[in-house]
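Examining the three-dimensional arrangement
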Amino acid sequence: MKRQRHSVEFKIQVVKEALEAGNKAAVARRYDIHPNLVHRWTKEYQDGKFGDVDVTATPTLDAKALSQENKQLKKLLGEKDLEIAILRDLLKKKNPHLLKKLK
């Protein structure tokens, strides 16, 4: 079997999930790696070998950007709903027998 190198980002992701779940073996199965490797990475993280990375910190989200994106998504959803309603009305007017299949 060929030896595989994992990136630091991947190791940090695995360590984060292992610490959150509390079950290193389950995380290892999910990523198809040996449980001892997950244990070793967790120990290295706790010893500070990954640098100043804090896996428990959540990234800060900009409320204004999220609000703007939310507005855009609501607008798109409204447009799609309107488009579907128009198409159903057209279908109902031209082919009333197909209306039963829609429901």
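Refer to the structure presented above.
Below or above, wherever it landed, is the structure these notes cover. (Residues numbered from 1 in each chain as written. Predicted model: local features only at pLDDT ≥ 70, side-chain atom pairs only at ≥ 80, totals over all residues. Heavy atoms only, no water.)

**Looking at the pattern of salt bridges**
This model, assessed by the stated rule, comprises two salt bridges. Here Glu17 makes a salt bridge to Arg30, at a shortest N to O gap of 2.4 Å. With a gap of 13 residues between them, Glu17 in helix H1 (residues 8–21) and Arg30 in helix H2 (residues 24–31) connect regions that are remote in the sequence. Judged by its relative accessible area of 57%, Arg30 falls in the exposed class. Of the charged contacts, one joins Arg40 and Glu44 as a salt bridge, the two residues approaching to 4.0 Å between their closest N and O atoms. Here Arg40 pairs with Glu44, and both are found in helix H3 (residues 35–47), just four residues apart, close to one helical turn. (Salt bridge = Lys/Arg side-chain N within 4 Å of Asp/Glu carboxyl O. Helix = DSSP H or I, 4+ residues; strand = E, 2+ residues; numbered from the N terminus. Buried < 20%, exposed > 50% of the residue type's maximum accessible area, 1.4 Å probe, protein only.)

**As for the packing of aromatic side chains**
Within this structure, the stated rule accounts for two aromatic pairs. Taking 5.4 Å as the distance between ring centres and 90° as the angle between the ring planes, the aromatic pair formed by Phe10 and Tyr31 counts as edge-to-face. A residue pair is termed long-range when its members are at least 10 positions apart, and Phe10 in helix H1 and Tyr31 in helix H2 qualify at 21 residues. One aromatic cluster is present, built from ring pairs that chain together Phe10, Tyr31 and Trp41. (Phe/Tyr/Trp six-rings, centres within 6.5 Å; stacked < 30°, edge-to-face > 60°.)

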